[in-house]
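# Architecture at a glance
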Amino acid sequence: MFRSVLFPTLLCLASLLAGCGSSTAPSSDTAPDDDGGDIGAGPSTPCADARPGFHNAYFGDLHTHTSFSIDAYFFQSMNGPREALRFAQGDPVGLPAGDEDPHTARRSVQLDRPLDFAAITDHAESIGNFRNVCELGGVLPADSNPACNLLGRQIRSDVRSFVAGDTSPALAFLQGLSGALPTTRIAWRETQRINNEEYKPCRFTTMHAYEYTPNAFGQSVHRNIFFRNDTVPGDTFGAVGALSAAQPDNTNIEWDLFDHLKRACVEVEGCDVFTIAHSANTANGRFFRPIDPATGLPPARDDQPLTVVDARLRAELERGFEISQHKGQSECAVGLGGGLLQGEETNCDFELFKHVCTGDADDPAECADYCTGSATDPAFCQHRDPLYAVDVCDTVTTSGSTPDGCTAPQDFVRDALTQGLAIQDRLDGINPYRMGISASTDNHNGTPGNVREAGFTGHGGVLDDEPAEQLGEWQCLEAGNFGNADPSDPGNCPGRLFTDAARPFNPGGLAGVWAPENTREAIWQAVRRGETWGTSGPRLRMRMVAGWEPFPDDVMQRLADGEDPTASAALPGVAMGADLPPRTGDAPRIAAWVMQDPDGHPLQALQIIKGWVDAAGERHIRVHTVAQSDDTPRLPARDSCAVYTGQHPSQLGTVWQDPDFNPNQHAFYYLRVLEVPSCRYNTHLCLTRDIDCAQLNPDNGIFPESSGLQGFEGCCAIQETATAEGPRFSGTPVFQTIEERGWTSPVWYTAPR
């Protein structure tokens, strides 16, 4: 069927190009505003909350997609950049529901608290083109183009490929061909115009940004690109072209981007840019390439060892890492700790998208400590879909990873941070992985900051708007052209599997920054220097200052007040994201402070994670719990999800000095805070019904239609038992909880050489 979609759509693209031939497109590679000024400039006077020598905490979402993105458009996302930015400021927006009329808003969603800043990061590849083709730029109804309707159904019917990061050759070709059209400039300029019109200095900040989205061979090596002001390249830079779609090659995929940004922005007067890496946990081992023992360096450009020149280029541009979003967290993972951990880490079980705990006998030994068969096991223990229950990568090359869909330690930021320490001495002291930490949603509904677990509305239009999609459902994965396949009939359903669908997704995270005021310049600079933190959703406030000298007795209050250590001699040290100055004491002191979300849950523990490289070049991680609640954490109430607050504190803080510091070893330190347990979004959803797993039909593991529970089968852990009469099915209730959390950017210690 795809051929019948491809050619009419190409004709539509050609027609659009002819129709838009008179449109004015920027002729230069860098396009300032029409009047030569910077519309997005900040206020002429400081904001009312600006205080000399102090920074304020601001919350935002730096990763949101709208109908300008090809996937969001065909997922029936109804909201464009304007609606998304208005949503971030507190306005309600509509969402589709069901497949019968996906172009009509049947749900409404609104933030209970507006964001301070937001960035629209639509995919560079074909940005805005399909909206322009299918609706003539919004002139026609969304469902008026038959070719586009066919293409949309094709994409939605193969959503597993999108989740896996795979794109069919035909779709990649179409995407690459459309991405080469100059019409992408129109959407990029329109996005900038909306950004500037919605920018309200001192109250709400927008930034010019887009996403670079290479997916060849299922290796998702994604980055968001952020520009400082209105001096930006005249078009986005995509990873897919007509030729690369026919002959994909990941050898230089990140270097192509970095080279482009250097040429099109860094070397252009007035243009500044940085990137934030994201979704590393879905990269099939490709994101941070492992060190080659033969050279002591990772392979890089042209598959050759990383050079000093390229290490410097990456370090200058790659300023941030998105540690958590709707596809899970990329800090660390159960079963992938290897030799890094020192034995005491127990918190790498949070929101794992891909995981290696598959229930097999050859699972890593630590999996048995998490997946016990209990109803309260972490969510990933119930995910048996091969999209998510995967193997450790055996081989990772620029032309693919084996086995397909695998995962590896180098897809998680802890591995990358320690790797940076291990290679910097070979690179003239340059650490190419010196990144700040943030988090965001990667939302594809145009609803930035929509992170609450209760009432979660999904991320992808009609793809995860119903209980069966959010909780999982039976599918016939090997049906092929077998048109009579029936998921309700195990004997007539080739490859029958309870697919997890969107269940491993989560509402996503938020970015926090400490900045002197809420302006584009101040927020951009704060993210670039790494004075940032990320959360899994709650608006936790986190601060860390590190130095060599003793801190004043009121240091916690100073941290809470936002006192800037670079402007205050009374607060000796550096903020998170910075390098420790040359050593003047015996070991670094770290002042750490965190405050709970006023509308969230109390705190359980505050931890400092240290990474270092020893004299033999071996990399290590150790987790230090430096402050914790005196109360014992308890699970929330099973019948209501009410959180046990007990005597747990709303703030935690301490001054900690590294007891194992070695001045001859490079090191980093970052904070992690854990909230008390609360219900995951799927548990909240299950509590909207009176679920009785005993009502599952023993012949197929599906609730009878008369129960009113069809679509809620994922509220039960379903067991299949082989009998002489055929398979029999039963289920037990699941009660999945999470410990929401936050992470700060590291501070870095560089040993003298």
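This structure is a prediction, so every number in the text was calculated from the model and none was measured.

The next point concerns the overall build of the protein. Across its full length, the protein holds 16 helices and 32 strands. For a compact globule of 753 residues, the expected C-alpha radius of gyration is about 27 Å, and the protein comes in at 25 Å, within 12% of that figure. Considering only C-alpha atoms, the protein reaches an extent of 75 × 65 × 55 Å along its principal axes. Taking all contacts inside the protein whose residues are at least 6 apart in sequence as the whole, residues at least 24 apart take part in 75%. Roughly 27900 Å² of accessible area belongs to the protein as shown, and the carbon and sulfur atoms make up 49% of that amount. Mean positive and mean negative side-chain charge positions of the protein (55 and 101 charges, respectively) differ by 4 Å.

Across the sheet, four strands lie side by side as β21-β20-β22-β25; this open sheet has antiparallel pairing. Looking at strand neighbours, the two that pair on one side only are β21 (574-575) and β25 (651-657), the edges of this open sheet. Sheet topology note: the strand β20 (residues 541-547)/strand β22 (residues 589-595) ladder contains seven bridges and is antiparallel. When the bridges of β22 are listed, A546 appears paired with I590.

Once that is clear, we can look at the pattern of salt bridges. All chains considered together, the criterion is met by 34 salt bridges. Note that D259 is salt-bridged to R301, the shortest N-O span being 2.7 Å. Here R301 lies in the loop between β9 (273-278) and α11 (308-317) and D259 lies in helix α10 (residues 253-266), a separation of 42 residues in the sequence. On the basis of relative accessibility, which here comes to 23%, the residue R301 falls in the partly exposed class.

Helical geometry: 3.6 residues make up each α-helical turn, so side chains three or four residues apart lie on a common side. Within helix α3 (residues 81-88), the full set of buried residues consists of P81, A84, L85, F87 and A88. End-on view of α3: buried residues confined to an arc of 155 degrees, all on one side of the axis. Buried residues along α3 sit against β3 (93-95), β4 (107-109), β5 (117-120), α8 (183-198) and β6 (205-212). At the exit of α3 stands G90, carrying a positive phi of roughly 115 degrees.

Attention now goes to the nonpolar core. In this structure, I225, F227, L261, F288 and F321 are the most contacted members of the largest nonpolar core, which totals 53 residues. Looking at this core element by element, the count peaks at six residues for α10. M544, L603, W612 and Y749 belong to the second largest nonpolar core, which has 39 residues in total.

It is worth spelling out the packing of α3 against α8 at this point. Between two packed helices, what matters for the description is the angle formed by their axes and the separation of those axes. Contact geometry for α3 and α8: axes closest at 9 Å, N-to-C directions at 25 degrees. With respect to α8, the element α3 is oriented roughly parallel. By crossing handedness, the relation of α3 to α8 is classed as right-handed. Across from P81, R82, L85 and R86 in α3, the residues of α8 making contact are T191, R193, I194, N195, E197 and E198.

Considering all chains together, one arrives at 25 aromatic pairs under this definition. By the ring-pair criterion, three or more aromatic residues cluster together here, those being F287, F288, F321 and Y433. A cation sits over an aromatic face here: R543 above W514, 4.8 Å from the ring centre. If you follow R634 out to its NZ or CZ, it ends over the ring of Y644, 4.3 Å from the centre.

A few words on the packing of α10 against α11. Direction vectors running N to C along α10 and α11 enclose 70 degrees, while the axes themselves pass 11 Å from each other. Looking at the two axes, α10 sits roughly perpendicular to α11. In the crossing of α10 with α11, the sense of the turn from one axis to the other is left-handed. Contacts from E254, W255, F258, D259, L261, K262 and V266 of α10 reach α11 at D310, L313, R314 and L317. Residue composition of the contact of α10 with α11, by class: six nonpolar, no polar and five charged.

A word on the pairing of strand β10 (residues 318-322). Regular strands place their side chains on alternate faces of the sheet. Most of β10 is tucked away, with five of its five residues classed as buried. Here three bridges tie β9 to β10, and the two strands are oriented parallel to one another. Residue A277 lies in a different strand from β10, and its bridge partner there is F321. Following the backbone out of β9, through α11 and into the adjacent parallel β10, one traces a crossover that is right-handed. As paired elements, β10 and strand β15 (residues 436-438) share three bridges and run parallel to each other. Bridge pairing in β15 links G320 to G436.

Bringing the state of the cysteines into the picture now. Evaluated as defined, the whole model comprises 11 disulfides. Between the sulfur of C371 and that of C381 lies a disulfide, 2.1 Å long from S to S. For the disulfide bridge between C371 and C381, the dihedral angle about the S-S bond is near -80 degrees, and by the sign convention the bridge is left-handed. Highlighted residues: C371 in the loop between β12 (328-329) and β13 (395-397) and C381 in the loop between β12 and β13, separated in sequence by 10 residues.

What follows covers the environment of P752. Note on placement: P752 falls in the segment after β32 (747-749). In this structure P752 comes out as exposed when scored by relative accessible area, which is 58%. For the pair P752 and N484, spaced 268 residues apart in the sequence, the C-alpha separation amounts to 70 Å.

Examined against the element boundaries, S279 turns out to sit in the loop between β9 and α11. Linking S279 and D489, residues 210 residues apart in sequence, is a C-alpha distance of 37 Å. At a separation of 2.8 Å, a polar atom in the side chain of S279 contacts the side chain of Q325.

Here the focus is the environment of G320. Examined against the element boundaries, G320 turns out to sit in strand β10. Using a relative accessible area of 5% as the deciding quantity, one classes G320 as buried. The sequence separation of G320 and D272 amounts to 48 residues, and the corresponding C-alpha distance is 15 Å. Once residues lying within four places of it in the same chain are set aside, the contact partners of G320 are T275, I276, A277, M435 and G436.

Turning to the side chain of E739, a few remarks are in order. Tracing the backbone shows E739 in the loop between β30 (737-738) and β31 (741-744). Here the side chain of E739 touches Q604 through a polar contact of 3.3 Å, side chain to side chain. If sequence neighbours within four positions are ignored, E739 has contacts with N347, F350, Q604, L674, E675, V676 and P677.

Conventions used here
Residues numbered from 1 in each chain as written. Predicted model: local features only at pLDDT ≥ 70, side-chain atom pairs only at ≥ 80, totals over all residues. Heavy atoms only, no water. Helix = DSSP H or I, 4+ residues; strand = E, 2+ residues; numbered from the N terminus. Rg over C-alpha atoms; globule rule 2.2 N^0.38 Å. Contact = heavy atoms within 4.5 Å. Areas by Shrake-Rupley, 256 points an atom, 1.4 Å probe, with all protein chains shown as cover. Lys, Arg positive; Asp, Glu negative; His and termini not counted. Charge placed at Lys NZ, Arg CZ, Asp CG, Glu CD. Pairing = 2+ DSSP bridges. Salt bridge = Lys/Arg side-chain N within 4 Å of Asp/Glu carboxyl O. Buried < 20%, exposed > 50% of the residue type's maximum accessible area, 1.4 Å probe, protein only. Arc of directions from axis to C-beta. Core = buried A, V, L, I, M, F, W, Y, C linked by side-chain atoms within 4.5 Å. Axes fitted to C-alpha atoms, helices over the stretch in contact; angles between N-to-C directions. Parallel < 35°, antiparallel > 145°, perpendicular 65-115°, else oblique. Left-handed = near helix turned anticlockwise from the far one by under 90°. Phe/Tyr/Trp six-rings, centres within 6.5 Å; stacked < 30°, edge-to-face > 60°. Lys NZ or Arg CZ within 6 Å of the ring centre and 35° of its normal. Nonpolar A, V, L, I, M, F, W, Y, C, P; charged D, E, K, R; others polar. Right-handed = clockwise from strand over helix to strand, strands pointing away. Disulfide = S-S within 2.5 Å. Polar contact = N/O pair within 3.5 Å; in protein donor to acceptor, adjacent residues only side chain to side chain.

As far as function goes, none of this settles anything; it's purely spatial.
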